[in-house]
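# Remarks on the overall topology
Listed below, chain by chain, are the residues.
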Amino acid sequence: MAKRTDFERIAVPHLDAAYTLAVWLLRSRADAEDVVQEAFLRAFRAFGNFRGGDVRPWLLAIVRNAAYRELGHRKKSAAVVSLDEILAQAGSEGGRSAKLVESLVDKAASAEAQMIRGVDEAILRRALAELPETFREVIVLREIEELSYRDIAQVIGAPEGTVMSRLSRARTELRDIMKRLIAKEEGHAM
Amino acid sequence: MQCERAREFVSRGLDGELDEAEKDALGAHLSGCPACAEMARDLARMSRDVRALGREPAPVHVKTRLLDAIRKADAEAPAVAGTWSSRQVSMPRLAAAVVIACLVSSGLTLWLLNTREAGARLEHDIVTAHVRSLLESPIQVASADTHTVKPWFAGRVDVSPVVKDLASDGFALAGGRLDYVDGKRVAVVVYRQRQHVINVFTWAATTARPPHATTRNGYNLLTWSANGVVYCAISDLNLGEMERLRSLL
């Protein structure tokens, strides 16, 4: 009994954090809802193994595992059309990446900053969704959850050195995707 | 410094993971390499923008459904006596349960002969009375109407307990009865949640007492006092649900 009230007090407040990671990994809110539910029930049953400290990395590791299981099922049952593929096709059809605009920084400073800011969020979400999962998750854990390298290492089950180099590559890759998407946007606008 | 290395340094810098010497080395490279300087500005802005996206708030129904599921998983946890009142009860199971309840009750009595603690005896009385009520269901005034149950106690006991029909909150008023606990006559208000029976024993309080929860023999007991009346709720329901009942009364 005490176990359940403890769990409700300690773990359940991290529901938004768990849901956020699941949404970004699965890119589907409906699937994220199911995965989060499943993960929290697992966490509840395993709560006896939690040895104090920050519950978030422990919990997010369970959420991540559940999300990857779901991704695995999707790959097996080809029935689900992966957004991955849709985005990849949409991205490759343009091939206008040579027509690069000025840096993102300069764009923000332009007169239409307000408008571009709005476009940017949509582009940013899209770019993040296009990143491979292993890159996407470290970005979400670092930037949105603000976890330390050590905590991220615990969540993804990899050494801290890997976290560091993966974050670096993820950021570079995200920038490349954003440049490509912005270039495409410009192309359509003209 | 190689541009490749600079990328990694910029990333670590954004995470506050560079020492002074590394910062200097990166600064020196960036001032001489416009491409990397631009990359550094882009990554810094991107990092801010991703942060600004913030979390995706989980819809309310996700939390509700989750809490429900956890409570259910908790209730299904093994080794809680009293689950005999769940859904379909076959006669052999009922008979077995009655036997177990009797054994448990007499076992508890024997155990209690060896203890002198008044609180323990009180709890024992309540568990015994609760188990007995489950076997005999002796509701003396069976009504879901507060205005029938509450006046019935008047003149029979020296307290006027809170009686509410909480059917819309999942606790249906089943009625009331008198019982004999710790050497005195007490008023018992009976609620039902699905097949679970909750007996709320009430008597005059001598001192105010803060809410206190114990588990005896698989039954949860929750005791509190309000307005000079002690309430002791007992049931095989989980404590969370009993806390909820308390907050509603």
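Anything mentioned here points back to the structure above.
Our subject in this report is the structure included herewith. (Residues numbered from 1 in each chain as written. Chains lettered and ligands numbered in written order. Predicted model: local features only at pLDDT ≥ 70, side-chain atom pairs only at ≥ 80, totals over all residues. Heavy atoms only, no water.)

## Some details on the interface of chain A and chain B
Contacts between chain A and chain B engage 47 residues on the former and 41 residues on the latter. In this assembly, chain A packs against chain B so that about 4400 Å² is buried in total across both faces, 59% of it on carbon and sulfur atoms. If you look at where chain A meets chain B, you find 19 residue pairs in polar contact (both at pLDDT 80 or more). Every element with two or more residues in the side of chain A that touches chain B is listed here: α1 (2-10), α2 (15-26), α3 (29-45), α6 (104-109), α7 (113-130), α8 (133-144) and α10 (160-189) of chain A. In the side of chain A that touches chain B, the residues fall into 23 nonpolar, five polar and 19 charged. (Contact = heavy atoms within 4.5 Å. Buried area = accessible area lost by both parts, 1.4 Å probe. Polar contact = N/O pair within 3.5 Å; in protein donor to acceptor, adjacent residues only side chain to side chain. Helix = DSSP H or I, 4+ residues; strand = E, 2+ residues; numbered from the N terminus. Nonpolar A, V, L, I, M, F, W, Y, C, P; charged D, E, K, R; others polar.)

## A short note on the environment of T128 of chain B
All names here are of chain B. Relative to the assigned elements, T128 resides in helix α6 (residues 118-136). In this structure the C-alpha to C-alpha distance between T128 and S105, which are 23 residues apart in sequence, comes to 6.1 Å. A distance of 2.7 Å separates a polar atom in the side chain of T128 from the backbone oxygen of H124.

## Quick notes on the sheet that holds strand β2 (residues 172-181) of chain B
Residues and elements named next belong to chain B. Taking strand neighbours across the sheet as the criterion, the seven strands line up as β1-β2-β3-β4-β7-β6-β5 in an open arrangement whose pairing is antiparallel. Across the chains shown, the open sheet's two edge strands, defined by having one partner strand only, are β1 (141-142) and β5 (212-216). Set on the sheet, helix α7 (residues 146-153) makes contact with β1, β2 and β3 (184-193); between it and β2 the angle comes to about 10 degrees. (Pairing = 2+ DSSP bridges. Axes fitted to C-alpha atoms, helices over the stretch in contact; angles between N-to-C directions.)

## So, the side chain of D151 of chain A
Residues and elements named next belong to chain A. Of note, D151 is situated in helix α9 (residues 149-156). Buried charge without a salt bridge: D151, with R56 as the nearest opposite-charge side chain at an N-O distance of 5.6 Å. Contact partners of D151, with chain neighbours within four places excluded, come to D54 and P57. (Buried < 20%, exposed > 50% of the residue type's maximum accessible area, 1.4 Å probe, protein only. Lys, Arg positive; Asp, Glu negative; His and termini not counted. Salt bridge = Lys/Arg side-chain N within 4 Å of Asp/Glu carboxyl O.)

## Thoughts on the side chain of R12 of chain B
If you trace the backbone, R12 of chain B turns up in helix α1 (residues 3-14). Look at R12 of chain B and you get buried, because its relative accessible area is 11%. Residues contacting R12 of chain B, with those up to four places away along its chain left out, are Y149 and M164 of chain A together with E17, L18 and E22 of chain B.

## Let's talk about the pattern of salt bridges
Summed over the entire model, instances satisfying the criterion amount to 33 salt bridges over all chains. Its salt-bridge partner being E121 of chain A, residue R125 of chain A comes within 3.2 Å of it at the nearest N-O pair. Pair noted here: R125 of chain A and E121 of chain A are both in helix α7, with a separation of four residues, about one helical turn. Residue class for R125 of chain A comes out partly exposed when judged on its relative accessible area of 25%. Under the relative-accessibility criterion, E121 of chain A is labelled partly exposed at 37%. Close ionic contact of E143 of chain A with R51 of chain B constitutes a salt bridge, the shortest N to O distance being 2.9 Å. A residue pair is termed interchain when its members come from two chains, as with E143 of chain A in helix α8 and R51 of chain B in helix α3 (residues 34-53). Looking at R51 of chain B, the relative accessible area reads 28%, which means it is partly exposed.

## A short note on the packing of helix α4 (residues 55-76) of chain A against α9 of chain A
Residue and element names in this part refer to chain A. Where α4 meets α9, the closest approach of the two axes is 7 Å, and the angle between their N-to-C directions is 35 degrees. Where α4 crosses over α9, the handedness of that crossing is right-handed. Residues P57, W58, L60, A61 and R64 of α4 form the contact with α9, whose participating residues are D151, Q154, V155 and I156. Within the contact of α4 with α9, the residues separate by chemical class into six nonpolar, one polar and two charged. (Left-handed = near helix turned anticlockwise from the far one by under 90°.)

## A closer look at the state of the cysteines
Residues and elements named next belong to chain B. Counted under the stated rule, the structure contains zero disulfides over all chains. Considering cysteine sulfurs only, C36 is the nearest to C33, which forms no disulfide, with 3.6 Å between them. Free of any disulfide, C36 has its nearest neighbouring cysteine sulfur in C3, separated by 3.6 Å. On the basis of relative accessible area, C36 is assigned to the buried category, the value being 5%. (Disulfide = S-S within 2.5 Å.)

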